[in-house]
Amino acid sequence: MTKHTPNLAAAKIVGAVHTDQRHDSAHKHVTGEAVYIDDMPEPAGTLHGALGLSTVAHGTIRTIDLSAVRRAPGVIDVLTAADVPGENDISPTGRHDEPILAEGKVQFFGQPVFCVIAETREHARRACRLAKIEFDELPAAIDVWDLDPFNDKLVTPPLTLKRGDAAEAIAKAPRKIKGRMRVGGQDHFYLEGQISMAIPGEDGDVTVYCSTQHPSEVQHMVSHALGVPSHAVTVEIRRMGGGFGGKETQGNQLAALAAIGAKRLKRAVKIRPDRDDDMIATGKRHDFVIDYEAGFDDEGNISGVNYVYAARCGFSSDLSGPVTDRALFHCDNAYFWPAVLAKSAPLYTNTVSNTAFRGFGGPQGMVGAERIIDEVAFAVGKDPLEIRKLNFYGRKGDKRGDRNVTPYHQTVEDNIIHRIVAELEESSNYARRRREISAFNANSRIVKRGLALTPVKFGISFTATHYNQAGALVHVYTDGSVHLNHGGTEMGQGLYVKVAQVVAEEFQIDIDQVKITATTTGKVPNTSATAASSGSDLNGMAAQNAARRIKRRLTDFAADKYSVPVEQVEFLPNRVRVGNQEIPFADLVKQAYFARIQLSAAGFYKTPKIHWNRDKGEGHPFYYFAYGASCSEVSVDTLTGEYVVERTDILHETGRSLNRAIDLGQIEGGFIQGMGWLTTEELWWDGKGRLRTHAPSTYKIPLASDRPKIFNVALADWPEAHEPTIHRSKAVGEPPFMLAMSVLHALSDAVASVANHRICPRLDAPATPERVLMAIERLKAEAKA
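Residues numbered from 1 in each chain as written. Predicted model: local features only at pLDDT ≥ 70, side-chain atom pairs only at ≥ 80, totals over all residues. Heavy atoms only, no water.

Asks: I keep staring at the overall build of the protein chain and nothing clicks. Help me out?
Replies: Check the secondary structure of the protein chain and you find 18 helices and 29 strands. Relative to the globule expectation of 28 Å for 785 residues, the C-alpha radius of gyration of the protein chain, 28 Å, shows essentially globular dimensions. By principal-axis analysis of the C-alpha atoms, the protein chain measures approximately 90 × 75 × 50 Å. Relative to its full complement of 785 residues, the protein chain shows a buried share of 62%. (Helix = DSSP H or I, 4+ residues; strand = E, 2+ residues; numbered from the N terminus. Rg over C-alpha atoms; globule rule 2.2 N^0.38 Å. Buried < 20%, exposed > 50% of the residue type's maximum accessible area, 1.4 Å probe, protein only.)

Shown next as structure tokens:
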């Protein structure tokens with residue numbers, strides 16, 4: 001019997017959409033009760049795996065001697081490429097360029113060559129060190145700065161976006177700028193590392209518990225590796241301890257190895273790499289080198305831009321094609337380029353294959369846009385905010401004509417960036433603080449302050465159109481409780497509770513009557529990754545579709561049983577009005593069961609209107625855009641380059657928010673993570689291709705103490721989605737990440753003050769204290785020259 005006693009006189013249900021609800025596992029997170037894969041009870045006889053990694057960045061394997069590894073205490077088996085029963089490949093885009101275990105050659109330092117299966121994790125890790133592998137080293141390409149984006153090796157075909165004649169527009173412009181910048185990568189640094197546990201079953205089946213954002217892809221990769229149909233593999237995940245894109249494809253390798261070991265040895269196998277190995281062997285955010293050129297007039301109106309976005313992709317394609325595509329999609333940010341030419345260069349390097357990361361290339365694209373804005377502002381001697389507003393996408397009735405077509409020929413129909421920025425400019429007291437900072441800097445010899453306000457326009461949808469679909473499964477039990485399952489995965493972002501709110505809203509029952517269950521390929525098949533900020537959009541609509549199917553059956557049943565028109569059947573909080581009487585929801589459900597009414601439904605949703613022709617570089621790849629703006633103030637010590645973020649004000653919009661409490665948390669967290677990417681998080685490879693920043697001792701994510709001293713975050717309460725999204729809400733996962741650009745540009749503003757704002761600092765990212773100090777010294781020297 002359910003413990004819940006519904007309030008049959010309530011005016012509203014508990015947990016409706018557009019209400020603040022805590023994360024469904026929040027109390028478990030803080031008490032340690034939340035069960036992650038490593039917390040699950042292990043089946044008797046569980047074995048543990050560890051990876052043997054390459055010690056050169058590029059080379060052929062001359063000899064490999066694993067005899068000492070096999071003889072080591074506790075070792076049960078050692079897997080090599082020859083032990084893969086099916087296909088030795090986990091390329092997510094089907095390019096067959098990413099082996100599970102290296103075979104014949106290695107292409108990056110840290111590439112898995114073998115996998116030890118032992119009685120304990122400690123035994124497996126120690127045994128890995130006993131391998132004797134001799135390599136014939138080959139030349140290695142590590143950095144992209146010196147590579148030729150047009151002639152050096154690519155991992156996947158590039159993209160070109162073109163609208164108008166950029167070369168002509170730049171040539172005819174009264175003024176021009178040209179430059180090059182570096183934008184660094186980023187490690188996901190999820191609190192829970194990569195992990196998979198595979199349990200063999202009968203008839204050759206295997207169940208894999210994997211910390212993954214894409215259970216269906218893991219299912220496909222494991223089935224290919226085992227050489228069995230997909231129906232023989234079930235993948236389940238209740239929650240991840242963070243993902244950020246790092247668990248979209250990166251879990252495939254461990255899942256495949258655990259499954260191969262489990263089937264081969266007929267015992268459960270768990271693989272959880274050490275943090276160092278995790279950071280060395282898994283992909284990261286792509287770092288870019290951006291070449292740019294722009295033409296503009298004396299007022300700062302930009303007439304043409306030309307970009308080349310060259311990315312360090314690593315040794316295989318992974319998701320580099322769509323990541324570099326999305327970088328081009330966002331080379332405009334919130335600005336209308338009258339003429340634009342943008343090209344991507346997904347370059348091959350002998351480093352780990354880079355992968356998805358929150359924003360999926362979009363942040364790097366936007367940083368390129370903001371660099372041009374900054375350069376133009378310095379060239380014409382204006383506040384960068386003026387140049388930003390001058391070049392925004394147009395609104396209806398814009399005196400300068402239609403200024404609403406993107407570089408990929410999609411018309412921007414929902415532009416609200418003007419109002420977002422205007423409201424934030426006022427609420428943050430931007431103009432007054434700009435004057436105060438100018439006065440402060442004039443009287444402060446060592447410490448300089450900087451201020452910047454930057455916008456965000458981010459496209460929502462998978463650019464691979466077929467991923468824009470979702471399924472859900474809803475059961476209503478005879479006591480009125482509801483079982484919910486869908487293809488979305490929970491990584492702390494609050495997807496599960498949002499979708500539960502949608503189902504509670506449809507049935508008009510309290511949210512604690514809706515049971516949230518683990519995502520599994522055994523219930524909802526062929527799911528898309530929980531990525532591209534589309535989790536609530538897709539899975540919320542699919543769950544709503546399933547609930548509405550059941551609701552329609554209940555409505556028809558009630559109308560027939562009580563001889564009233566269907567219009568007189570109304571779902572009220574925890575009850576249903578049928579004609580002149582009110583029946584508890586649970587009672588109506590039980591009556592429907594006895595009348596043999598189906599109380600289970602599968603729901604489905606596919607995003608409408610979207611299409612994309614990559615060959616032409618044209619289409620409507622995004623269903624809508626999300627908007628926001630951020631204003632940040634920093635203090636910089638000009639003797640050391642050290643800095644503090646004094647204050648940040650954010651105004652962001654999520655349409656009609658499904659859950660403001662969850663959305664605000666996503667905005668705050670996204671901003672801090674973005675701030676880390678643009679300031680302290682520096683990935684560094686040495687000349688041998690070894691990642692030297694592979695632990696918290698050398699890789700510096702933001703601490704709680706690094707947050708802005710004053711941190712004002714607000715959700716705009718007036719917008720709603722232009723398109724009929726789930727309850728007119730908007731995505732919130734990725735767009736807030738780019739709000740952190742205001743910190744990078746505030747640092748640039750502070751640096752520029754040492755030369756009286758006459759020289760653009762051209763501050764690259766991450767703007768570490770060292771890089772800030774070097775920029776300060778460079779500007780001082782240029783100012784004296």
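Asks: Please clarify how the sheet that holds strand β8 (residues 175-183) should be interpreted in this entry.
Replies: Whether parallel or antiparallel, the strands of a sheet pair through hydrogen bonds between backbone atoms. An order of β7-β15-β14-β13-β8 is seen for the five strands of this open sheet, with the pairing classed as mixed. Each edge of the open sheet carries a strand with a single partner, namely β7 (160-163) and β8. In this sheet, neighbouring strand axes are inclined to one another by 10° on average, regardless of whether the strands run parallel or antiparallel. As judged from the nine bridges shared by strand β13 (residues 288-296) and strand β14 (residues 302-314), these two strands associate in the antiparallel manner. Looking at the pairing, Asp-291 lines up with Val-308 of β14. (Pairing = 2+ DSSP bridges. Axes fitted to C-alpha atoms, helices over the stretch in contact; angles between N-to-C directions.)

Asks: Sorry if this is basic, but what is going on with the packing of aromatic side chains here?
Replies: Aromatic ring pairs are reported here in terms of the distance separating the ring centres and the angle at which the planes meet. Overall, the coordinates contain 20 aromatic pairs when judged by the stated rule. Geometrically, the ring pair formed by Phe-336 and Tyr-393 is edge-to-face, given 6.1 Å between the ring centres and 65° between the ring planes. Of this pair, Phe-336 sits in the loop between α8 (320-329) and β15 (340-348) while Tyr-393 sits in the loop between α10 (384-390) and α11 (417-427), and the two are 57 residues apart along the sequence. Residue class for Phe-336 comes out buried when judged on its relative accessible area of 9%. Taking relative accessible area as the criterion, Tyr-393 reaches 1% and is therefore assigned buried. An aromatic cluster of three or more residues is present, and its members are Phe-329, Tyr-408, Trp-612, Phe-622 and Phe-625. The ring of Tyr-36 has Arg-239 sitting right over it, with the charged end atom 5.9 Å from the ring centre. Lying over the aromatic face of Trp-718, Arg-419 brings its terminal NZ or CZ to 3.8 Å of the ring centre. (Phe/Tyr/Trp six-rings, centres within 6.5 Å; stacked < 30°, edge-to-face > 60°. Lys NZ or Arg CZ within 6 Å of the ring centre and 35° of its normal.)

Asks: In this structure, what is going on with the pattern of salt bridges? I would like to understand it.
Replies: Side chains that differ in charge, positive against negative, can pair when their charged atoms come close. Inspection of every chain in the model, using the stated rule, returns 49 salt bridges. Residue Asp-325 pairs with Arg-614 through a salt bridge whose shortest N-O separation is 2.7 Å. Pair noted here: Asp-325 is in helix α8 and Arg-614 is in the loop between β25 (611-613) and β26 (618-620), with a separation of 289 residues, a long-range link. Here Asp-325 falls in the buried class, since its relative accessible area comes to 5%. Overall, the relative accessible area of 28% leaves Arg-614 in the partly exposed class. Residue Arg-388 is joined to Glu-370 by a salt bridge in which the shortest nitrogen-to-oxygen separation is 2.7 Å. Here the residue Arg-388 occupies a position in helix α10, and Glu-370 occupies one in helix α9 (residues 362-380), the gap between them amounting to 18 residues. Ionic contacts of the salt-bridge type, sharing partners, join the residues Arg-433, Arg-449, Glu-633, Glu-646, Arg-647, Asp-649 and Lys-709 into one network. (Salt bridge = Lys/Arg side-chain N within 4 Å of Asp/Glu carboxyl O.)

Asks: How do you make sense of the nonpolar core when you look at a structure like this?
Replies: Looking at soluble globular proteins, one finds that nonpolar side chains tend to be buried together. In terms of nonpolar packing, the biggest core is built from 158 residues, with Tyr-307, Trp-337, Ile-372, Phe-507, Phe-585 and Phe-671 touching the most fellow members. Broken down by element, the residue count for this core peaks at 11 residues, all from helix α14 (residues 535-561). Core analysis: the next-biggest nonpolar cluster, separate from the first, contains 35 residues, Ala-198, Val-208, Val-228 and Ile-260 among them. (Core = buried A, V, L, I, M, F, W, Y, C linked by side-chain atoms within 4.5 Å.)

Asks: Looking at this structure, how should I read the sheet that holds strand β27 (residues 624-637)?
Replies: Strand order in the open sheet formed by four strands is β16-β27-β28-β29, and the pairing between neighbours is mixed. Bordering the open sheet on either side are β16 (447-460) and β29 (710-715), each of which pairs with just one other strand. Direction aside, neighbouring strands of the sheet carry axes that sit 15° apart on average. Pairing between β16 and β27: 14 bridges, direction antiparallel. Residue pairing for β27: Pro-455 is matched across the bridge by Ala-629. Contacts between α11 and the sheet are confined to β16, β27 and β28 (643-652), with β27 contributing the most and set at about 30° to the helix. (Contact = heavy atoms within 4.5 Å.)

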